[in-house]
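# Remarks on the overall topology
Now for the letters of each chain:
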Amino acid sequence: MKKIKQFYLQLKIKNKVLIISLISGFFPLLLLGIFGYLQINELLHNREQEVLEETMNQAILHLDYKMNAYHNSLNYVLLDHNLNTELTNHFTNNYEMYLFFRDTLEPLFFNTLSLNRDFAGITLYTEQKINRYDRFLRPLSEIEDNEWYEQIQQTTRPVYYVSENHSLLNLAAELYTNAKDTRSIINLSIHYQALFDSLYSLYEDQYGIFIFDADQHLIFDFQKNTQSDEAFIDPASIPDFFTDDSFQRNYIFKQDRIPSADWSIMIMRPMHSINHSIMSIAITFFIVTLISLFLLVLLVYLFSRIIVRPLESLALNMKAIDSGNFNVTVTTNSNDEVSTLIHIFKKMVQRVEHLINEVYISKIEKQEYELKALQAQINPHFFYNALSLINSKAILAGQEDISLMTQYLSTFYRTTLNRGQDYITIKEELENVQSYLKIQQMMHDQSFDYYLNIDDQLLDYQMPNLTLQPLVENAIHHGLDHKENGLKGIVSIDGKMDHDQIVFIVSDNGKGMSQELVEQILTIKTKGYGVRNVHNRIQLNYGDAFGLDYTSYLNKGTHVTVRLPLIK
């Protein structure tokens, strides 16, 4: 201890200050790094639990929605009055059976299967003395030895069971008729992957999901391991593995029930996938600590070598540089280390100023170059000439569809580019939308119609370019392409003058949206030029009184109201 004290007393003052500063600065930095690491570790684990629970809820909502749809379709068959009435009759000949097949069974089953693409088939098993009919009608004796048949007899609720090859998920229930001595079972077959398709992409990296029935039999399992081709858990060891202590230590998981069926669902993620993120943060903290320690040493060393007056002058010059003034006024007549520092500082400032000017000029030149490159890429005349040549070739070859397509494309891109202008007349905007609709009609094989009902007084007024086309695109891709009611798709655009405003209404009879999505549609960031951009652009140009307003009903359609000021 005396030797250490003696060594310290013999050191120069700058070295003493350096050692004291290192000791007093190192431990706070170390404690700060450890505390930050522990806090972020806990935060990441809590966040992962929240994300896991949110993912679980979304998965349950999706499964519950689909299973409720399956139940509704099954009830549609079970409650059919004609089917119940026919099954109480005693068929005396094949002709009566034929009429039953033709007028009751086939229409009912085909309508049911057309309600949902997930359905693979539907079968009636009955004790009624009637001939077999393809896959629709089978004798009850074919299923009496099955385990799921026994379950149906013990409950009044529909029963789910999985086929042996896991290709079908079946929903079966007893059909109650007035014929007390005759039992009938309706079996609705569903594509196995159709119900669980959303569960294959819950996370981009490693996770596992398992679904069990009321008897803890595994209904579905999927394990995504991005680091190996092997699964985390051997399906043969489920559910015993979940009670093992190693599972509690190495995985985080959430478990819940699915309301539509007496099933349970579990989502789990390996702990090492979270620890990997934590390790990168720990390394970052370590590097930051080392850098901070290095800076501490450097600053203490510098401040221990200079005197107060030159240091203050130097600090004033630094502040001036921070505000953008690169004129160095600090001077020194001495020839010591402080003088050297001042001269070096002057050169550094000159170099920084020179580099800033270089970077600024280089950035301007780069932007001008990129703009010219972009303008060179988009050459409308070349594009129109190419389309004109294609049109001519198509006319000569008798390809009317190709000719029409090139004309629509030419009109569409002419009005879209609009000679680089941000505003366009309503007449030109409608030409743009109509060309787009005709192109989409050809791409969709005329599967939908469109109607334009625009007040002629509006045609010469101005509006922002590309306002209506994104709305029509949404109506087709997210509405008509997903509708399930079997009616022909319709897109309509109505335009009128409302006092000092222009009002457009873009409507479709497509799938529609939930109220929750309607409330979020103008805040969701999507790929491409979406409705959110249209809404924001209108409000930025004209104020909050203008923009888009959505009204939508599931399986009925969507209406978008666009409000713009009257501007010529």
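These remarks concern the structure in this document. (Residues numbered from 1 in each chain as written. Predicted model: local features only at pLDDT ≥ 70, side-chain atom pairs only at ≥ 80, totals over all residues. Heavy atoms only, no water.)

Taken in spatial order, the five strands of this open sheet run β2-β1-β5-β4-β3, and their pairing is mixed. Only two strands of the sheet have a single neighbouring strand rather than two, namely β2 (137-139) and β3 (159-162). When strand polarity is set aside, the average angle formed by the axes of neighbouring strands in this sheet is 25 degrees. Strand direction decides the pairing type here: strand β4 (residues 168-175) and strand β5 (residues 184-191), joined by eight bridges, are antiparallel. Each bridged residue has a counterpart across the sheet, and for Leu169 the counterpart in β5 is Ile190. (Pairing = 2+ DSSP bridges. Helix = DSSP H or I, 4+ residues; strand = E, 2+ residues; numbered from the N terminus. Axes fitted to C-alpha atoms, helices over the stretch in contact; angles between N-to-C directions.)

On to the packing of helix α13 (residues 426-443) against helix α14 (residues 468-479), then. The description of two helices packed together rests on the angle between their axes and the distance between the axes. Contact geometry of α13 with α14 gives a least axis separation of 9 Å together with a crossing angle of 25 degrees. The angle between α13 and α14 falls in the class roughly parallel. α13 and α14 meet at a crossing whose hand is right-handed. Within the contact between the two elements, α13 uses Glu429, Leu430, Asn432, Val433, Tyr436, Leu437 and Gln440 and α14 uses Leu468, Gln469, Val472, Glu473, Ile476 and His477. In the contact of α13 with α14, the residues fall into seven nonpolar, four polar and two charged. (Parallel < 35°, antiparallel > 145°, perpendicular 65-115°, else oblique. Left-handed = near helix turned anticlockwise from the far one by under 90°. Contact = heavy atoms within 4.5 Å. Nonpolar A, V, L, I, M, F, W, Y, C, P; charged D, E, K, R; others polar.)

Our next topic: the nonpolar core. Residues Leu83, Ile186, Phe196, Ile211 and Trp263 are the most contacted members of the largest nonpolar core, which totals 54 residues. Here this core takes ten residues from helix α2 (residues 13-78), the largest share from any one element. Not counting chain neighbours up to four residues away, the residues in contact with Ile211 comprise Leu63, Phe196, Leu199, His217, Leu218, Ile219, Phe220, Ile258, Trp263, Ser264 and Ile265. (Core = buried A, V, L, I, M, F, W, Y, C linked by side-chain atoms within 4.5 Å. Buried < 20%, exposed > 50% of the residue type's maximum accessible area, 1.4 Å probe, protein only.)

Another point: the pattern of salt bridges. Summed over all chains, the structure comprises eleven salt bridges. The salt bridge partner of Lys488 is Asp449, with a shortest N-O separation of 3.3 Å. A residue pair is termed long-range when its members are at least 10 positions apart, and Lys488 in the loop between α14 and β13 (489-498) and Asp449 in strand β11 (residues 448-454) qualify at 39 residues. Judged by relative accessible area, Asp449 falls into the partly exposed class, the value being 25%. Residues joined in a network through salt bridges with shared partners are Glu48, Asp205 and Arg269. (Salt bridge = Lys/Arg side-chain N within 4 Å of Asp/Glu carboxyl O.)

For residues other than glycine, phi is negative in most cases, and the peptide bonds are mostly trans. Here the phi dihedral of His166 falls at roughly 55 degrees; this positive angle occurs in a residue that is not glycine. Relative to the assigned elements, His166 resides in the loop between β3 and β4. Phi is positive for Asp445, which is not a glycine, with a value near 55 degrees. Relative to the elements of secondary structure, Asp445 occurs in the loop between α13 and β11. Residue class for Asp445 comes out exposed when judged on its relative accessible area of 66%.

We now examine the layout of surface pockets. Counted as a void, the second largest pocket has a volume near 700 Å³. As for the second largest pocket, its lining consists of 26 residues, of which Gln151, Val159, Tyr160, Tyr161 and Asp213 are closest to the centre. Counting residues per element, the ones that place at least two in the lining of the second largest pocket are α5 (147-153), β3 and β7 (218-224). Among the elements that take part in the lining of the second largest pocket, β3 stands out by supplying four residues, more than any other. Of the residues assigned to the lining of the second largest pocket, the class counts are eleven nonpolar, nine polar and six charged. (1 Å grid on protein atoms, 1.4 Å probe; cavity = no way out; pocket = protein on both sides within 12 Å on 5 of 7 lines; lining within 4 Å. Points joined across faces, edges and corners; volume = space filled by probe spheres on them.)

Taking strand neighbours across the sheet as the criterion, the five strands line up as β11-β13-β14-β16-β15 in an open arrangement whose pairing is mixed. In this open sheet, the two edge strands, each paired with only one partner strand, are β11 and β15 (547-553). On average, each strand axis in the sheet is tilted by 10 degrees relative to the strand beside it, whichever way the strands run. Sheet topology places β15 next to strand β16 (residues 557-565); seven bridges connect them, and they run antiparallel.

Taken together, Met279, Ile283, Phe286, Ile287, Leu290, Ile291, Phe294, Leu295, Leu298 and Leu302 make up a surface patch of nonpolar side chains, about 950 Å² in accessible area. By the secondary structure assignment, Ile287 is in helix α8 (residues 271-303). (Patch = residues over 30% accessible without salt bridge, like charges linked within 9 Å, V, L, I, M, F, W, Y side chains within 5 Å. Areas by Shrake-Rupley, 256 points an atom, 1.4 Å probe, with all protein chains shown as cover.)

Taking 1.5 Å per residue, 21 residues should reach 30 Å; helix α4 (residues 94-114) reaches 28 Å between its end C-alpha atoms and fits that length. Within α4, the axis deviates most sharply at Phe101, by approximately 40 degrees. If you check which residues of α4 are buried, you get Met97, Phe100, Phe101, Thr104, Leu105, Leu108, Phe109, Thr112 and Leu113. Its side-chain oxygen at 3.0 Å from the backbone nitrogen of Tyr95, Asn93 defines the N-terminal cap of α4. (Expected span 1.5 Å × (residues − 1). Bend = angle between axes of the 7 residues up to and from the residue. Polar contact = N/O pair within 3.5 Å; in protein donor to acceptor, adjacent residues only side chain to side chain.)

How two aromatic rings sit relative to each other is set out by the distance from centre to centre and by the angle between their planes. Enumeration over the complete set of coordinates arrives at 18 aromatic pairs. An angle of 40 degrees between the planes, with centres 6.4 Å apart, marks the rings of Tyr133 and Phe136 as tilted. The partly exposed category is assigned to Tyr133, whose relative accessible area is 22%. A relative accessible area of 2% means that Phe136 is categorised as buried. (Phe/Tyr/Trp six-rings, centres within 6.5 Å; stacked < 30°, edge-to-face > 60°.)

A few words on helix α16 (residues 531-542). Over its twelve residues, α16 runs 16 Å from end to end, which matches the ideal 16 Å to within 8%, given 1.5 Å per residue. Every buried residue belonging to α16 is among Val531, Val534, His535, Ile538 and Tyr542, and all of these are buried. Take α16 and look down its axis: the buried residues cluster within an arc of 95 degrees, on one side only. In the core, the buried residues of α16 are packed alongside β10 (423-425), β12 (462-464), α14, β15 and β16. Among the residues trailing α16, Gly543 stands out with phi positive, at a value near 110 degrees. (Arc of directions from axis to C-beta.)

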